[in-house]
Amino acid sequence: MSSPPDDRSAFHSISAAGLHGLLRGDGDGAAVEELLSAERSRRLLLLRALYDRSVPVAAGSGDFPVSLGAAWESLERAQAQAPAVVEQVLLAPGTGTWVSCALRRLRGTLHSDVPLWATLGHLASLAAAASAAARIEFALRVPVCEGTVSLPGLGCAVLPAQEGWSTAHVVGDRSVVRITGGGGAVVVGPDRERQVPGWWPTRRVTLGRGDAAGSVPLEEHDPYRTFFGPTAARVLTESEARSWQSSLTEAWDILLRDTPAQTDAIRQGLRSIAPMPKGERFRPYSSSSAEAFGGINASLPEESSELAATLVHEFQHVKLGALTHLSPLVRRAEKTPERAELFHAPWRDDPRPLEGVLQGIYAFLGVARFWRVNRRAADSAHAPLAHFEFALWREAVWSTLNSVRGHDRLSPLGHRLLESLLHSCADWLGDDVPDAELRLAREAFAGHRARWREHHLRPSPDLVDEAVRAWRRNDACPPLAHTASSLVPDEDARFLDTAAVLARHHLTDPGGSWRDPAAVGDRVRGAGPVDVLLARGERSAARRELADQLLHGDPAVGSWAALGRALADSPEHQAASRFLMRSPQWARAVRETLYEEHGQRPDPLALAAWLGVATSRPGPLG
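Residues numbered from 1 in each chain as written. Predicted model: local features only at pLDDT ≥ 70, side-chain atom pairs only at ≥ 80, totals over all residues. Heavy atoms only, no water.

## Here's the deal with the pairing of strand β4 (residues 165-172)
1) Next: The alternating pattern of β4 places Ser166, Ala168, Val170 and Gly172 on a buried face, while none of Trp165, Thr167, His169 and Val171, on the opposite face, is buried.
2) Next: For strand β1 (residues 138-145) and β4, the ladder comprises eight bridges, and the chain directions are antiparallel. Across the sheet, the residue bridging to Arg141 is His169, located in β4.
3) Next: With four bridges connecting them, β4 and strand β5 (residues 177-181) associate as antiparallel partners. Looking at the pairing, Val171 lines up with Arg178 of β5.
4) Next: What sits between the antiparallel neighbours β4 and β5 is a turn of four residues. (Buried < 20%, exposed > 50% of the residue type's maximum accessible area, 1.4 Å probe, protein only. Helix = DSSP H or I, 4+ residues; strand = E, 2+ residues; numbered from the N terminus. Pairing = 2+ DSSP bridges.)

## Description of the nonpolar core
1) Next: Membership of the largest hydrophobic core comes to 92 residues, with the highest contact counts inside it found for Trp244, Ile361, Phe388 and Trp393.
2) Next: Residues Tyr51, Trp72, Val114 and Ala134 belong to the second largest nonpolar core, which totals 52 residues. (Core = buried A, V, L, I, M, F, W, Y, C linked by side-chain atoms within 4.5 Å.)

## What to know about the layout of surface pockets
1) Next: Quantified by volume, the second largest pocket comes out at close to 790 Å³.
2) Next: Taken together, 38 residues make up the lining of the second largest pocket; nearest its centre are Gln88, Gly153, Arg204, Pro217 and Arg271.
3) Next: For the lining of the second largest pocket, the element with the most residues is strand β9 (residues 214-218), which contributes four residues.
4) Next: Looking at the lining of the second largest pocket, its residues break down into 18 nonpolar, ten polar and ten charged. (1 Å grid on protein atoms, 1.4 Å probe; cavity = no way out; pocket = protein on both sides within 12 Å on 5 of 7 lines; lining within 4 Å. Points joined across faces, edges and corners; volume = space filled by probe spheres on them. Nonpolar A, V, L, I, M, F, W, Y, C, P; charged D, E, K, R; others polar.)

## A short note on unusual backbone geometry
1) Next: Here the phi dihedral of Glu146 falls at roughly 50°; this positive angle occurs in a residue that is not glycine.
2) Next: Mapping Glu146 onto the fold places it in the loop between β1 and β2 (148-151).
3) Next: Backbone geometry at Asn474 places phi at a positive 65°, although glycine is not the residue there.
4) Next: Tracing the sequence through the fold places Asn474 in the loop between α15 (461-472) and β16 (485-487).
5) Next: Judged by relative accessible area, Asn474 falls into the exposed class, the value being 72%.

## Let's talk about the packing of helix α8 (residues 238-258) against helix α11 (residues 354-377)
1) Next: At a minimum axis separation of 10 Å, α8 and α11 run at an interaxial angle of 95°. In terms of orientation, α8 and α11 fall into the roughly perpendicular class. For the pair α8 and α11, the contacting residues are Ile254, Leu255, Arg257 and Asp258 in the first and Phe370, Val373, Asn374 and Ala377 in the second.
2) Next: Grouping the constituent residues of the contact of α8 with α11 by class yields five nonpolar, one polar and two charged. (Axes fitted to C-alpha atoms, helices over the stretch in contact; angles between N-to-C directions. Parallel < 35°, antiparallel > 145°, perpendicular 65-115°, else oblique. Contact = heavy atoms within 4.5 Å.)

## Description of the packing of aromatic side chains
1) Next: Tallied over the entire structure, the rule returns six aromatic pairs.
2) Next: Ring centres 4.9 Å apart and planes at 15° place the aromatic pair Trp347 and Phe364 in the stacked group. Residue Trp347 is located in the loop between β13 (342-343) and β14 (352-353), and its partner Phe364 is located in helix α11; the two are separated by 17 residues in the primary sequence. In this pair, the class of Trp347 matches that of Phe364, namely buried.
3) Next: On the basis of an interplanar angle of 70° and a centroid distance of 5.0 Å, the ring pair of Phe370 and Trp371 is categorised as edge-to-face.
4) Next: Note that Arg591 overlies the ring of Tyr595, its terminal NZ or CZ placed 5.8 Å from the centroid. (Phe/Tyr/Trp six-rings, centres within 6.5 Å; stacked < 30°, edge-to-face > 60°. Lys NZ or Arg CZ within 6 Å of the ring centre and 35° of its normal.)

## Description of the pattern of salt bridges
1) Next: What the rule picks out here adds up to 29 salt bridges.
2) Next: Residues Arg40 and Glu87 are paired through a salt bridge, measuring 3.1 Å at the closest nitrogen-oxygen approach. Taken as a pair, Arg40 in helix α2 (residues 29-59) and Glu87 in helix α4 (residues 83-90) lie far apart in primary sequence, 47 residues in all.
3) Next: Here Arg40 falls in the buried class, since its relative accessible area comes to 15%.
4) Next: A salt bridge links Arg536 to Glu538; the shortest N-O distance between them is 2.7 Å.
5) Next: Given a relative accessible area of 28%, Glu538 falls into the partly exposed group.
6) Next: Here the residues in one salt-bridge network are Glu280, Arg283, Asp497 and Arg525, joined through shared partners. (Salt bridge = Lys/Arg side-chain N within 4 Å of Asp/Glu carboxyl O.)

## Brief notes about a nonpolar patch on the surface
1) Next: A contiguous nonpolar surface patch, about 200 Å² in accessible area, is contributed by Val158, Trp200 and Val235.
2) Next: Relative to the assigned elements, Val158 resides in strand β3 (residues 155-158).
3) Next: Classification of Val158 as partly exposed rests on a relative accessible area of 36%. (Patch = residues over 30% accessible without salt bridge, like charges linked within 9 Å, V, L, I, M, F, W, Y side chains within 5 Å. Areas by Shrake-Rupley, 256 points an atom, 1.4 Å probe, with all protein chains shown as cover.)

## Some words on the side chain of Ser420
1) Next: Position of Ser420 relative to the elements: it lies in helix α13 (residues 412-426).
2) Next: With residues up to four places along the chain from it excluded, the contact list for Ser420 reads Leu23 and Arg24.

Read these as spatial facts, not as claims about activity.
See the structure below:
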């Protein structure tokens, strides 16, 4: 298959103006067009490489029921007839995911239970979709999974057969497409967007109004829409589809009002939205992939402003992923994967590699920028939440930027990016935020960091033993070293954002049912009675409950961090509170060693105060 006439696949760069905007965390529509041009060439090169590797595999297989040569030939004919149609199919996000998965399977770096012929044979599904959209004559055999035939970008057909993997015959001309297999047939007429028995056309949603309106696929069918391999179609009900259209219309209006330049960039680059099952309130799901330019997977939040923030968040990932295809931000690590350097990211439960931290910084800087403007335009009912979101993500981005700036693995472009983002974020530090929302945001950020440290950091066993001996002798605690904790990822760390989620409930529904400690677990996953007491501002009650758990019970990981929050308003316990918010892993380790080796349950307030005087110099303990 040939490349587009204006192909520049031999070399791609980005203009100085485009790069300047992207490094600031912005990037207008022109910059996105430059990224898209590079992604187009990259996609075509990967597709050609995949085809060249796949043909010998298919030829050497005794059972390869799909003709890759016929698929390629159909794509070439469709491209000659309707190049824009073929480009839409080949540049779809799901196509990028498929190419990546297929190449990794051929290289032996990806395991899958899907037959190899079905993975490689997806090329025929793409060719059938492009040929049908181009309205040329074609006849192809394509993979079928449990009776579902996917023609990405066009729709999917459902045949009677329900066995695992099989094939169907797809034949088309200018007016009709017939899909036959499994003892049945589906016939699609000239109007490919019309639903007929057995045929679910790809749905499109409108973005914007009037002459400026555009549309984007609401991708329910493409098996590679979820970025990690074949996924069954999930067809929305008509009610769900209407909710998506309504929410997207409102979210787009908000974006146009608050961030018109960024909205133009999203308009240029957004290529599909894959709806995901609705999640918990204030914990909507969303994702994107560097291999799937312009694709966003998202659940539908309850508020349109949250959906607007989600679109901003994921499109930030889209832009940075495309930029890294032009030039890396991080040099390859010298350490083995088992000892890869990991970092705290205030938006994740798990420790993250440097590459992931940069992606998070870029995404949440965009989120903070959105809420920074939105809070000024929001009505009185929504403004408190917008103030909180801005303050929370400003704090998170600023802290994380400073933790990784100057890292020796950053490439020259990576250094430029972080310094530019640091400058952008620094301009926001003086922005006023109402006291209540600012306090909640700072406490949510500090609580996440403290719980993360309690889960993932392990103090030096030798120093812990030394501290235990001093405690048992009733001596002063020996100095605790700043660099004496090792990062050991805890796979059980979950819902470290509970304080932030409860703060959002508090701001939007002050008297709501979330205030009931006995029922909150049904509404806010990971939240217990102590979390509710803290969210309600009842620190004394939380302090008593935590002290009892730590003294007599089997406390959950995170209890010491929660105790640090509970002590924050107690003048006599300020040193203990500061210590527990900085270094709860030390209290956890000393307490566990005292109990496991000596059967001793120390008074938690006394232990925290005792440990708190051991800091050998200012700053958080490692």
